Amino acid sequence: MHMDGIERQAVAHWEAELGKRGKDAKVWRVLWALSRTEYLQGLALLCLSGFLNALVRPLVLMYAVRALDPSVATLEATFAWAAVLGTVLFVENWAKARGVFICSHVGVLRAVSACMQLLTLKAMRLRVGSSNEGSEQTLIGADFVGSAELAVFLPFAVLGLISLVCGVVVLGLTTGATGLVGLAVMFMSLVIAGPVGAR
């Protein structure tokens, strides 16, 4: 998981941030520098999974079903489409599982480890009695852990957005203008129903 030396890297990034911006230094810049690679890799895999799930798989499935008709395709073509569909399903689920692991777990663990290290070093510099007793434990045990548990689900927002966009594309490819007009009518009904329901 490349967790070796994360605390040392966090301190180095924080010192560089302080030297560069002084009192305007922000911890989120340090966390982004430490976890950027994991987040970008995970999001790229999730985008690939959403693209395969909502765009490629329905189209491949459509052609695979059509290939079952002997008058349309040969037996070899039918097996070829089945193999393509199986490959798409495998890559889609692998990309989703791997993307969630890298983004939601490895990236979050790196960020939380860095926060704990920086908080510990800050607490060691404080004078005795200068802060409320147990505030560090509250930050680590409640705030950091709670934020990490919520951050695990954030990548699914990207996956949902990609799936929504690709779903609209599939609708346009398979049904043409009729499907897009129906989607527009549904969207307009939602827009109109909101103000009407609020009265």
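This report concerns the structure included in the present document.

Cut-off values and rules
- Residues numbered from 1 in each chain as written.
- Predicted model: local features only at pLDDT ≥ 70, side-chain atom pairs only at ≥ 80, totals over all residues.
- Heavy atoms only, no water.
- Salt bridge = Lys/Arg side-chain N within 4 Å of Asp/Glu carboxyl O.
- Helix = DSSP H or I, 4+ residues; strand = E, 2+ residues; numbered from the N terminus.
- Buried < 20%, exposed > 50% of the residue type's maximum accessible area, 1.4 Å probe, protein only.
- Axes fitted to C-alpha atoms, helices over the stretch in contact; angles between N-to-C directions.
- Parallel < 35°, antiparallel > 145°, perpendicular 65-115°, else oblique.
- Left-handed = near helix turned anticlockwise from the far one by under 90°.
- Contact = heavy atoms within 4.5 Å.
- Nonpolar A, V, L, I, M, F, W, Y, C, P; charged D, E, K, R; others polar.
- Patch = residues over 30% accessible without salt bridge, like charges linked within 9 Å, V, L, I, M, F, W, Y side chains within 5 Å.
- Areas by Shrake-Rupley, 256 points an atom, 1.4 Å probe, with all protein chains shown as cover.

A closer look at the pattern of salt bridges
Counted by the stated rule, this structure contains two salt bridges. Between Arg110 and Glu38 there is a salt bridge, with its nearest N and O atoms 3.7 Å apart. Taken together, the positions of Arg110 in helix H3 (residues 75-125) and Glu38 in helix H2 (residues 27-66) put the pair 72 residues apart, joining distant regions of the chain. Like Arg110, the residue Glu38 is buried in the burial classification. One salt bridge in this structure joins Arg57 and Glu92, with 2.9 Å as the shortest N-O distance. Note that Arg57 is positioned in helix H2 and Glu92 in helix H3, a separation of 35 residues in sequence. Judged by relative accessible area, Arg57 falls into the partly exposed class, the value being 26%. On the basis of relative accessible area, Glu92 is assigned to the buried category, the value being 5%.

Re the packing of H2 against helix H5 (residues 155-175)
Interaxial distance between H2 and H5 falls to 8 Å at its minimum, and their mutual angle equals 25°. Accordingly, the angle class assigned to the pair H2 and H5 is roughly parallel. As H2 packs across H5, the resulting crossing turns out to be right-handed. Between H2, through Leu43, Leu46, Cys47, Ser49, Gly50, Phe51, Asn53, Ala54, Leu55, Pro58, Leu59 and Met62, and H5, the contact on the second element is made entirely by Pro155, Val158, Leu159, Ile162, Ser163, Cys166, Gly167, Val169, Val170, Leu173 and Thr174. Residues that form the contact of H2 with H5 fall into these classes: 17 nonpolar, six polar and no charged.

Some details on a nonpolar patch on the surface
Nonpolar side chains collect at one region of the surface, where Leu161, Leu164, Val165, Val168, Val169, Leu173 and Leu180 lie side by side and expose about 620 Å² of accessible area between them. Examining the composition of the nonpolar patch, we find that six residues originate from one element, H5, more than from any other. Its location among the elements puts Val165 in helix H5. You can call Val165 partly exposed: its relative accessible area is 47%.

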